[in-house]
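# Structural characterization, general
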Amino acid sequence: MGGGVVVLGVMLCLSCLQLSAASSGDRRLDFRQCVENCEVTGCAVLWPPVEGGRHCIKGCVAEDGENSGTAGTKNGSSAKWRGPTEPWYLPLTQWDCLSECKYQCMVRVETRKKNEAQSHPPYRAEQYFGKWPFVRVLGIEEVASVVFSIFNLLAHAYGLWSFSKLAATLPRSSSPGSPSLYGFIGLWKLFGVISINSWVWSIVFHSRSTTFTERLDYVSAIISVGYNFLIALIRTLNFKQEALRAMISAPVIGFTSTHVLYMLFYDFDYGLNMKVCLVLAILQTTFWPIWAIAVKHPAMGKIFFVDFGMLAALGLEVFDFPPLFGLFDSHSLWHLATVPLVSCWWSFVQDDARWTSKVAALNDAKKPL
Ligand SMILES: [Zn+2]
């Protein structure tokens, strides 16, 4: 979509690029020892022990005090361990013993580092498995990204709702029973639905990152980027006839579906995905401003605002920094920065609908009877 909204899709693609990559935090000896011990005992404890540093996970420690074991067995038997049972939100958010061990060990390592930094500053947070040490809120790790993803979703939902209201009032051709003079209503409504869908999965993924939620987030982002590319082509080339639209949609849909299937069933290649998203993004980012200048679009300022806004906000993704107050990392602020840009894009879509209808109505009136 707007170059900017495209880039937004791209960043959704990139958002979890490092998810499964090893980071300096998880390579630390104290962290690894803590997790290995916790996998067996169900207790996260650092060595040498620190005051208040021991945490036994209820549901991961056998009630008789024996070990739970890690491979879904208890003392070699096949009895499944239950997984963390307290607090109540842990089973609800699907935390298992291993992920809870990793979280508790990370918290302890970072707390010890903070304590040590009081005498030997500075304290530097480290990433674990590609993620910063966030303060978990009700089982949700990246709570700021979740909240700001909700804002984006709401911005799209409001944009879609206002556009639908406007679309109902747009003028129609003078011949009876004819369609609206703005021929892109359905396409923009579908844009709203696809964008909302991608933000739903962004919310889910940032709430709880698992392979499954990561796949859903990526796939919905790819669909969004592919569709944005398609709508950029159809709108800027002003394709109104169904035949033309079908002709241009077929290769784009074919390419996007092939890429999704390749990622899901052959090789979930983060690098390839980034390249695909970037190429599609760069192409459409250039389409919109060139088209706006060529047709002297009255709302071209909004296109430029969204494009430059997105570029500026991209800095937040490039200069990755640890979470402020344990909550606001650069990625979450990137999600916050896109909210006004989404609203601005929908405002452009409304302006486009009004302007195009007005021009078409004037041309319609000029036609000889
Ligand atoms: Zn994200």
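This is a predicted model, so every value here is computed, not measured.

What follows covers the nonpolar core. Among the nonpolar cores identified, the biggest contains 38 residues, and V225, L280, V306, L341, W345 and V349 are the most heavily contacted of them. Elements with a minimum of two residues in this core: α6 (143-169), α7 (185-207), α8 (211-236), α10 (270-294), α11 (300-318) and α12 (330-366). Residues V35, A44, C60 and C97 belong to the second largest nonpolar core, which totals 14 residues.

Further remarks concern the environment of P322. The residue P322 is located in the loop between α11 and α12 in this model. Each C-alpha atom, one on P322 and one on K131, is 9.2 Å from the other, the two residues being 191 residues apart in sequence. Setting aside anything within four residues of it in sequence, one finds P322 in contact with A125, W132 and D329.

This next bit is on the packing of α6 against α12. The contact between α6 and α12 brings their axes to 8 Å, and the two run at 5°. Classified by the angle their axes make, α6 and α12 are roughly parallel. For the contact of α6 with α12, the per-class residue count stands at 13 nonpolar, 12 polar and no charged.

The UniProt entry lists residues 143-161, 181-204, 216-234, 246-266 and 272-291 under the feature "transmembrane region" (unreviewed entry), expressed in the numbering used here. For residues 143-161, the helix share is 100%, the strand share is 0%, and the end-to-end C-alpha distance is 27 Å. Helix and strand shares over residues 272-291 are 100% and 0% respectively, and the end C-alpha atoms of the span are 29 Å apart.

Turning our attention to α10. A rise of 1.5 Å per residue sets the reference length of α10, with its 25 residues, at 36 Å; its end C-alpha atoms lie 36 Å apart and thus fit the reference within 8%. Immediately beyond the C-terminal end of α10, within one or two residues, lies K296, with a positive phi of roughly 50°.

Relative orientation of the contacting elements α11 and α12 amounts to 170°, with a least axis distance of 9 Å. Relative to α12, the element α11 lies roughly antiparallel. Residues K302, I303, F305, V306, G309, M310, A313, L316 and E317 of α11 lie in contact with α12, whose contacting residues are S330, H331, L333, W334, A337, T338, L341, C344, W345, S347, F348 and D351. Classifying every residue of the contact of α11 with α12 by side-chain character gives 13 nonpolar, five polar and three charged.

So, how was this worked out
Residue numbering note: each chain is counted from 1, following its sequence as written. For this predicted model, a pLDDT threshold of at least 70 governs which residues receive local features, and a threshold of 80 or more governs which side-chain atom pairs are given and counted, while totals over whole chains, interfaces and linings are taken from all residues. What we call a nonpolar core is a set of buried Ala, Val, Leu, Ile, Met, Phe, Trp, Tyr and Cys residues whose membership is set by joining through C-beta atoms within 7 Å. Partly exposed residues are those whose C-beta has more than 12 but fewer than 20 other C-beta atoms within 10 Å; with 20 or more the residue is buried, with 12 or fewer it is exposed, and the C-beta atoms are placed from the backbone. Under the DSSP-based scheme used, a helix requires at least four consecutive residues in state H or I and a strand at least two consecutive residues in state E, with every element numbered from the N terminus. Placing C-beta atoms from the backbone, we regard two residues as in contact once those atoms come within 7 Å. Every angle, taken between N-to-C directions, lies between 0 and 180 degrees, and every axis is a line fitted to C-alpha atoms, over only the stretch in contact when it is a helix. An angle counts as roughly parallel when it lies under 35 degrees, as roughly antiparallel when it exceeds 145, as roughly perpendicular when it falls between 65 and 115, and as oblique in every other case. The classification used treats Ala, Val, Leu, Ile, Met, Phe, Trp, Tyr, Cys and Pro as nonpolar, Asp, Glu, Lys and Arg as charged, and all other residues, Gly among them, as polar. UniProt positions are given in the numbering used here, feature names are shortened, and annotations may be inferred rather than shown by experiment. Any helix carries an expected span of 1.5 Å times its number of residues minus one.

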